[in-house]
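Structural features, examined
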Amino acid sequence: MATKRSSQGGATDNGQPAKKKGFWALGLLDSMKDPALQHFTDDKIVVIKDKYPKARHHFLVCPRLKINNLKALKPEHLPLLNHMHEVGKRIIKESIGEEELKYQLGYHAIPSMSHLHLHAISRDFDSPCLKNKKHWNSFTTDYFVDSMELIAELEENGCVDTSGRNGEELLKQPLRCHVCKSQFANMPKLKGHIVKHIKK
DNA sequence: GTTCTAGAAC
DNA sequence: GTTCTAGAAC
């Protein structure tokens, strides 16, 4: 067999160009529909486990309503955002259980995946899937938009404006421990360090 | 979002 | 020599 990379997402391999540009960016919509990945659902939202968790506990809270990004948010979405926040908080707490891990709830300023999704993630960041600077800075710099702050901004201004943040810049920031702010030259050194902050 | 890998960094 | 990052392809 001429084994190229096995095509994902049901694309055929015989020159059938089922591959649109950025097809992967819609993967979240497929994951939402897959009962095997659904951790919790109600009439407003679907909660799935992140396919590549960046910490010991990592969930995505997705509204059933189609909302493309933070820019599309309007005051009418506030009840939904509050609901996502509350359910996300409950689920991450339940998942963490007895462990003494903190957590954070929020959105990426410029997400890679289409469709709005709230990250509910424990703050150990102890995961083999957390591999590079972009991963790290997307959760530990202002690239990560805190859910409560986002809700407050929408309440005050009637919209969410992330144009003040330079996403590219934030992702290139030096690697710093999120607990003690120590700086590290590379990912292995950072990862070796952060586990020391986890109470066992 | 991930995987792969060239070449920079060590 | 090996480790690690970062950019292209997917």
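In the annotation of an unreviewed UniProt entry, the entry for chain A reads HIT domain-containing protein, and the organism field reads Strongylocentrotus purpuratus. Regarding chain A, the UniProt comment filed under Subcellular location (unreviewed entry) reads as follows: "Nucleus".

As for helix H2 (residues 78-96)
A turn of α-helix holds 3.6 residues, and therefore any two residues three or four places apart point the same way. Its 19 residues place the ends of H2 27 Å apart at the C-alpha level, agreeing with the 27 Å of an ideal helix rising 1.5 Å per residue. Buried positions along H2 lie against strand E1 (38-41), strand E2 (45-49), strand E3 (58-63), strand E4 (103-108), strand E5 (118-122) and helix H4 (147-157). Note on H2: the residue one or two positions beyond its end, Gly97, has a positive phi of about 60°.

Some points on the environment of His57
In this structure, His57 sits in the loop between E2 and E3. Separated by 17 residues in sequence, His57 and Lys74 place their C-alpha atoms 30 Å apart. Ignoring any residue separated from it by four or fewer positions in sequence, one finds His57 in contact with Ile92, Ser95, Ile96, Glu99, Leu101, Ala120, Ile121 and Ser122.

Observations regarding the protein's contact with DNA strand B
Near DNA strand B lie 10 residues; those nearest to it are Trp24, Lys54, His108, Ser112 and His135. Taking all atoms of DNA strand B within 4 Å of the protein, the share assigned to sugar and phosphate is 58%. In this structure, a base nitrogen belonging to DNA strand B sits 3.5 Å away from a side-chain N or O atom of Trp24. At a separation of 2.7 Å, a phosphate oxygen of DNA strand B approaches a polar side-chain atom of His135.

Considering the confidence of the model for chain A
For chain A, the average pLDDT comes to 91, and 90% of its residues sit at 70 or higher. Counted against residues more than four places away or in other chains, residues 1-18, with its pLDDT under 50, gives five contacts.

Quick notes on the pairing of E5
In terms of residue burial, E5 counts as a mostly covered element, since five of its five residues are buried. Where burial is concerned, the two faces of E5 agree: the one with Leu118, Ala120 and Ser122 and the one with His119 and Ile121 are both buried. Bridge analysis of E3 against E5 gives four bridges, and the strand direction is antiparallel. Pairing of Phe59 across the sheet is with Ala120, part of E5. Sheet topology places E4 next to E5; four bridges connect them, and they run antiparallel. Looking at the pairing, Gly106 lines up with His119 of E5.

Let's talk about the packing of aromatic side chains
Tallied over the full model, the rule gives three aromatic pairs. Ring centres of Phe125 and Phe139 lie 6.1 Å apart, and the angle between their planes is 40°; this geometry places the pair in the tilted category. Residue Phe125 is found in the loop between E5 and helix H3 (133-140), and its partner Phe139 is found in helix H3; the two are separated by 14 residues along the sequence. Pair check on accessibility: Phe125 and Phe139 agree, each one buried.

So, the pattern of salt bridges
One pass over the structure, following the stated rule, counts five salt bridges. Measuring nitrogen to oxygen at the nearest pair gives 3.8 Å for the salt bridge that ties Arg56 to Glu99. Of this pair, Arg56 sits in the loop between E2 and E3 while Glu99 sits in the loop between H2 and E4, placing them 43 residues apart in sequence. On the basis of relative accessible area, Glu99 is assigned to the partly exposed category, the value being 35%. Between Lys199 and Glu100 there is a salt bridge, with the nearest N and O atoms lying 3.7 Å from each other.

Parameters at a glance
Here the residue numbers are simple positions, counted from 1 along each chain's written sequence. Throughout, the order in which chains and ligands are written sets their labels, letters from A for the former and numbers from 1 for the latter. This being a predicted model, a pLDDT of at least 70 is required before a residue's local features are given, and a value of 80 or more before pairs of side-chain atoms are given or counted; all residues contribute to the totals for chains, interfaces and linings. Heavy atoms throughout the structure, all of them, feed into the side-chain values; hydrogens and water do not. UniProt positions are given in the numbering used here, feature names are shortened, and annotations may be inferred rather than shown by experiment. Helix numbering and strand numbering both begin at the N terminus, where a helix is a DSSP run of H or I of at least 4 residues and a strand a DSSP run of E of at least 2. What a helix should span is 1.5 Å times the count of its residues minus one. Should any heavy atoms of two residues lie within 4.5 Å, those residues are counted as being in contact. By convention in these notes, a residue is near a molecule or strand provided one of its non-hydrogen atoms lies within 4 Å of it. Any pair of nitrogen or oxygen atoms within 3.5 Å is treated as a polar contact; in protein, a donor-acceptor pairing is required on top of that, and neighbouring residues in sequence qualify only through side-chain atoms on both sides. pLDDT measures the predictor's confidence residue by residue and takes values from 0 up to 100. In this scheme, a residue with accessible area under 20% of its type's maximum is buried, one over 50% is exposed, and one in between is partly exposed, where area comes from a 1.4 Å probe on protein chains only. One requirement defines pairing of two strands: DSSP has to find at least two bridges between them. Any two rings among Phe, Tyr and Trp, with Trp reduced to its six-membered ring, count as a pair given centres within 6.5 Å; such a pair is stacked if its planes are under 30 degrees apart, edge-to-face if over 60, and tilted if neither. Here, a salt bridge means any side-chain nitrogen of Lys or Arg that lies within 4 Å of a carboxyl oxygen of Asp or Glu.

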